[in-house]
Amino acid sequence: MTDPFRDPRVRALVRLALAEDVGRGDATTIAIIPPARQARARIEAREAVIVAGLPIAPVLFEEHRAEAEIDIEVIEGERAAKGATLASIDGSASSILEVERTLLNFLQRMCGIATLTRRYVEAIRGTTARIVDTRKTIPGWRALDKYAVRVGGGTNHRFGLDDGILIKDNHLAAAGGVARAIERARCGAPHHLMRIEVECETLEDVAQAIAGRVDAILLDNMDLDTMREAVRRARAAIPAIVIEASGGITLERARPVAETGVDLISVGALTHSAPAADLSLELEPG
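Report on the accompanying structure. (Residues numbered from 1 in each chain as written. Predicted model: local features only at pLDDT ≥ 70, side-chain atom pairs only at ≥ 80, totals over all residues. Heavy atoms only, no water.)

1. Examining the overall build of the protein
Looking only at helices and strands, the protein has 11 helices and 12 strands in total. Its C-alpha atoms give the protein principal-axis dimensions of roughly 75 × 40 × 25 Å. The burial tally for the protein puts 50% of its 286 residues in the buried class. Nonlocal contacts in the protein, meaning residues at least 24 apart in sequence, comprise 73% of its contacts between residues at least 6 apart. When the accessible surface of the protein is totalled, it reaches about 14200 Å², and 51% of it is carbon and sulfur. (Helix = DSSP H or I, 4+ residues; strand = E, 2+ residues; numbered from the N terminus. Buried < 20%, exposed > 50% of the residue type's maximum accessible area, 1.4 Å probe, protein only. Contact = heavy atoms within 4.5 Å. Areas by Shrake-Rupley, 256 points an atom, 1.4 Å probe, with all protein chains shown as cover.)

Structure follows, in structure tokens:
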């Protein structure tokens, strides 16, 4: 699993977040907390969550140029019960208070994504399908959003447009249809090892994709009967083809879609609609 916390882009995001929140200084903390005061704080779960993102804590303190001893008490990807302590922090009371909101903002989003992803993964357990994410992420957050999906048990789709050729509806409209788009993709691909996937909305689209011998097809917003037939035809023609389902995949619909025989189920909601986890940072008195 790639470690996003060493990514310079994540470090830059952390610096931006701290600058946004702390600004010229925490006026409240400066006014009432002696600079030498030491403290201990706990990060607690106010609801059951899948834990993701705790390694961001030392990154935040490093970028804030504050010394702190951080004890992470729950392994990434584990389920933490309501009331559980996820980590404890010993350090300057002022630094803890200055970092508090930014730290929680990062953790609440990552835990929220991991928790929702795990629900989808559990919904299709026992099938051969995998839950994958999309590029529907907060700008600048992609590495962290996709990390949280992996921690939740999901699989990453493309990180960016340069990761593969995925011919979607607007490409088809601009290129003049499925067959023409596939032909152009084969001629224009940067190298012959780059896979070609094409979005299909109808069985006729599937037939053209099969004729073009694509590596993967994306069945977009199909009803279950049409999806099953598309899978049957594609497997019969190209046994090794990768079949992805997408469009309106709710938790309730995920298993019936998985049972059609698709390989991947892409869910934009994992990163564009995951509710933030309810976490808190509690400073011990004294």
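2. Topic: the pattern of salt bridges
According to the stated counting rule, one finds 17 salt bridges in the structure shown. Residue Glu122 is joined to Arg79 by a salt bridge in which the shortest nitrogen-to-oxygen separation is 2.8 Å. You can see Glu122 sitting in helix H4 (residues 93-123) and its partner Arg79 sitting in strand E4 (residues 79-80), a full 43 residues away along the chain. Connected through salt bridges with shared partners, the residues Arg11, Arg15, Glu62 and Glu63 form a single ionic network. (Salt bridge = Lys/Arg side-chain N within 4 Å of Asp/Glu carboxyl O.)

3. Considerations on the side chain of Glu199
Following the sequence through the fold, Glu199 ends up in strand E8 (residues 196-200). It is Lys168 that comes nearest to the buried, bridge-free Glu199 among opposite-charge side chains, at 4.1 Å. There is a polar contact of 3.4 Å between the side chain of Glu199 and the backbone nitrogen of Asp169. Setting aside chain neighbours within four positions, we find Glu199 in contact with Ile167, Lys168, Asp169, Leu172, Leu218 and Asp220. (Lys, Arg positive; Asp, Glu negative; His and termini not counted. Polar contact = N/O pair within 3.5 Å; in protein donor to acceptor, adjacent residues only side chain to side chain.)

4. A few points about the packing of aromatic side chains
Applying the stated criterion to the full structure yields 2 aromatic pairs. When the ring of Phe5 is compared with that of Tyr147, the centres are 5.1 Å apart and the planes differ by 80°; the resulting orientation is edge-to-face. One end of the pair, Phe5, is in the segment before helix H1 (8-22); the other, Tyr147, is in helix H5 (residues 142-151), with 142 residues separating them in the sequence. Phe5 sits in the buried class, given a relative accessible area of 5%. Aromatic pair Phe106 and Trp141: ring centres 4.8 Å apart, planes at 25°, arrangement stacked. Taken together, the residues span a long stretch of sequence, with Phe106 in helix H4 and Trp141 in the loop between strand E6 (130-132) and H5 at a distance of 35 residues. For the pair Phe106 and Trp141, one class covers both residues: buried. The ring of Trp141 carries the charged tip of Arg109 above its face, separated from the ring centre by 5.9 Å. Just above the ring of Phe159 sits the side chain of Lys146; from NZ or CZ to the centre is 5.3 Å. (Phe/Tyr/Trp six-rings, centres within 6.5 Å; stacked < 30°, edge-to-face > 60°. Lys NZ or Arg CZ within 6 Å of the ring centre and 35° of its normal.)

5. Examining the sheet that holds strand E12 (residues 279-283)
Taken in spatial order, the 4 strands make up an open sheet running E3-E5-E1-E12, and their pairing is antiparallel. Among the strands making up the open sheet, the edge pair consists of strand E3 (68-72) and E12. Across the sheet, the axes of successive neighbouring strands diverge by a mean angle of 15°, strand direction being ignored. (Pairing = 2+ DSSP bridges. Axes fitted to C-alpha atoms, helices over the stretch in contact; angles between N-to-C directions.)

6. Focus on unusual backbone geometry
Not every positive phi belongs to a glycine, and Arg213 is a case in point at roughly 55°. Tracing the backbone through its elements, the reader meets Arg213 in the loop between helix H8 (203-211) and strand E9 (216-220). The partly exposed category is assigned to Arg213, whose relative accessible area is 48%. Even without glycine at this site, Asn221 takes up a positive phi of about 55°. Here Asn221 lies in the loop between E9 and helix H9 (224-237).

7. Focus on the packing of helix H7 (residues 178-188) against H8
For the pair H7 and H8, the least separation of the axes is 9 Å and the interaxial angle reads 30°. Viewed along their axes, H7 and H8 adopt a mutual orientation that is roughly parallel. The crossing of H7 and H8 is right-handed. Residues Val178, Ala179 and Ile182 of H7 touch H8, and the partners they reach there are Asp205, Gln208 and Ala209. Partitioning the contact of H7 with H8 into residue classes produces 4 nonpolar, 1 polar and 1 charged. (Parallel < 35°, antiparallel > 145°, perpendicular 65-115°, else oblique. Left-handed = near helix turned anticlockwise from the far one by under 90°. Nonpolar A, V, L, I, M, F, W, Y, C, P; charged D, E, K, R; others polar.)

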